[in-house]
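Working through the structure, step by step
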Amino acid sequence: MIPLSIASRSPVTKLSPDNPKIQISSSTKLSHLKPVPCSFHRKNPNTINNPAKSKTHPFGSVLITPDHVSHKKGKINRGYEERRDSGHVGSQQMLALCGFGYWMQGFRSFPWLALNFHMAHNLNLHPSQLQLLQISGNLPMVAKPLYGLLSDAFYIGGAHRVPYILMGVFLQVLGWGPLALIPVAREALPILISCILISNLGASITEVANDALVTEYGQKNRIGGLQSYAFMALAVGGILGNLLGGCFLQKTPPKTMFLVFSVLLSLQLATSSIVREKSLGLLEPSNHNLVKTSIWENTRKQLSDLKTALNEDSISHPLTWIVASIATVPVLSGSIFCYQTQCLHLDPSIIGTSRVIGQVMLLSMTVLYDRYWKEVPMRKLVGAVQFLYASSLLLDFVLVRQINLKLGISNEVFACCFSGLAEILAQFKLLPFSMLLASLCPQGCEGSLTSFLASSLCLSSIVSGFLGVGLASLIGITSGDYSSLPMGILIQFFAALLPLGWIHRVPMSEPIVEKERKQGMSKRTRKNRRVGRVLIGSIYVYRRERESDSQR
């Protein structure tokens, strides 16, 4: 089991010099004038009485204010070249922080593979007990909306994303470290559960902060599709985690894998502590607002913003569909895992390799989605993925019935190629919804909405897991008797087809609100360009008059 995982007003100052000689003439010749880049500063709504300053636009342009008129031409051009070369603000720091963070999130499959084998073989847990323990370990992730509200509302040292990432990574070190260094933590079930809860608490906080940071950074710099690159980093981490996990389990005990992962977490903690949030160009609260606004007012405002966002049909309809599509399918992951290892005696490397192949497929599908499938209507794409997911559940039926042997395919080859397909399709199904909600997320509500989505998905997976435990108990699946497992897989298949009945709640295409927002942005851009030409002309006339005055 792998855990789950603007309009802004442009404060442009018109150039109106007091010199009465300054005029804008249509006969002014601009043939020898070099273009001066002009853009518009997005005013920080959290800052009170903050005078207009020269700042860098996300795309590298420079704001022209009256103060710039007296500057030398060389300084303007030099500043423009520096900003044009820099690209998006803090792109390298963003890559180091979130890229490595999502990679570590995918690499969590490395210690979890060892933990599953440890609980199944060393502790001899019953299949239902194993699945219950896996489900219980995910309980801290249900509280993700709380972490999102805290991340949106409360700044720590002038930052509200990086400190929460550091906090979450530190908690993960506290969870996996004892499992690696203290023998009783691995043997005593209550201590083992406590360590799992602490590690998943830290992982959930880190995931919320990373998701909110990616959403906020993408909206600020108007970069679409960052979630697909996050999925790629997640898939790469999962590939290495499962590949190395299968190899390590053959030669080393699980405690060694726990220790390796703890060292990597310590490395993530060290590298993340170097990054400063202001280097990413994100908004900072003013000292006046920090003093004036109380904790309760911040919380109430964020709850109100979240409620307003969830009341929008464009957000609530797809959200309810994806949650219901997960919760209605009873998961039999614990029973199938125990059947593969206890009855089929599959080697740990086989289990790891099957998940590696699945993660490679997830990475490939994410790249295809980013390049081609984004143009496909969302309802058609999601419906096709849901049908493929339901069909892929029947592959476990083929393995349990040993139909693959009749076709000349060994259990090892069949498990490697097809065992993890259903899980990968279930993960890929989340990508279109993540990108849709990120594009519709109101400004200032990034952490709250993304964490609410993650929490809802986690809660639906927990409900699905409990339904699977109940189904296994109802049809009589035990560690020594898997004869009724094919019936349970067939029930899974029909349950996975049910969400297609309310697929109409998924939007067919891009919401109208988003289209209007983009149209408004394009109109503002054209207007800004016209104003920019007027400003350039004003600057040129003003300079000519100053030169004539100096000659006199």
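The protein chain appears in an unreviewed UniProt entry as Folate-biopterin transporter 8 from Populus alba x Populus x berolinensis. The heading Subcellular location (unreviewed entry) in the UniProt record of the protein chain holds the text "Membrane". Checking UniProt for the protein chain, the heading Sequence similarities (unreviewed entry) contains the comment "Belongs to the major facilitator superfamily. Folate-biopterin transporter (TC 2.A.71) family."

Section: the packing of helix H2 (residues 91–106) against helix H9 (residues 226–251)
At their nearest, the axes of H2 and H9 sit 6 Å apart, and the two run at 45 degrees to each other. Classified by the angle their axes make, H2 and H9 are oblique. Considering only the axes of H2 and H9, their crossing is right-handed. Of H9, the residues touching H2 (which contributes Gly-99, Tyr-102, Trp-103, Gln-105 and Gly-106) are Ala-230, Ala-233, Leu-234, Val-236, Gly-237, Gly-238 and Leu-240. Looking at the contact of H2 with H9, its residues break down into 7 nonpolar, 5 polar and no charged.

Here we look at the nonpolar core
As a rule of thumb, nonpolar side chains are buried together in soluble globular proteins. Core analysis: the biggest nonpolar cluster contains 116 residues, and Leu-115, Met-119, Trp-176 and Leu-485 have the highest contact counts within it. The element that contributes the greatest number of residues to this core is helix H8 (residues 189–220), accounting for 9 residues. Setting aside its immediate chain neighbours within four residues, Trp-176 contacts Pro-111, Trp-112, Leu-115, Ser-199, Phe-258, Phe-261, Ser-262 and Leu-265. Core analysis: the next-biggest nonpolar cluster, separate from the first, contains 6 residues, Ile-135, Met-141, Cys-458 and Ile-462 among them.

What counts, and where the lines are drawn
Per chain, residue numbering runs from 1 following the sequence as it is written. Only residues with pLDDT of at least 70 get local features here, since the model is predicted, and only at 80 or more are side-chain atom pairs given and counted; chain-wide, interface and lining totals rely on the full set of residues. As a convention, hydrogens and water are excluded, and side-chain values are obtained from all of the structure's heavy atoms. UniProt positions are given in the numbering used here, feature names are shortened, and annotations may be inferred rather than shown by experiment. With axes taken as lines fitted to C-alpha atoms, and helix axes fitted only over the stretch in contact, angles between N-to-C directions fall between 0 and 180 degrees. Each helix is a run of DSSP H or I of at least 4 residues and each strand a run of E of at least 2, with the numbering of both proceeding from the N terminus. Here roughly perpendicular refers to angles of 65 to 115 degrees, roughly parallel to angles under 35, roughly antiparallel to angles over 145, and oblique to all remaining angles. Less than a right angle of anticlockwise turn of the near helix away from the far helix marks a crossing as left-handed, whereas a clockwise turn marks it as right-handed. What makes two residues a contact is simply this: any of their non-hydrogen atoms within 4.5 Å. Any residue outside Ala, Val, Leu, Ile, Met, Phe, Trp, Tyr, Cys, Pro, Asp, Glu, Lys and Arg is labelled polar, Gly included; the first ten of those are nonpolar and the last four are charged. Among buried residues, those of type Ala, Val, Leu, Ile, Met, Phe, Trp, Tyr and Cys that are joined through side-chain atoms within 4.5 Å constitute a nonpolar core. Burial classes follow relative accessibility: with a 1.4 Å probe on protein chains only, a residue under 20% of its type's maximum area counts as buried, one over 50% as exposed, and anything between as partly exposed.

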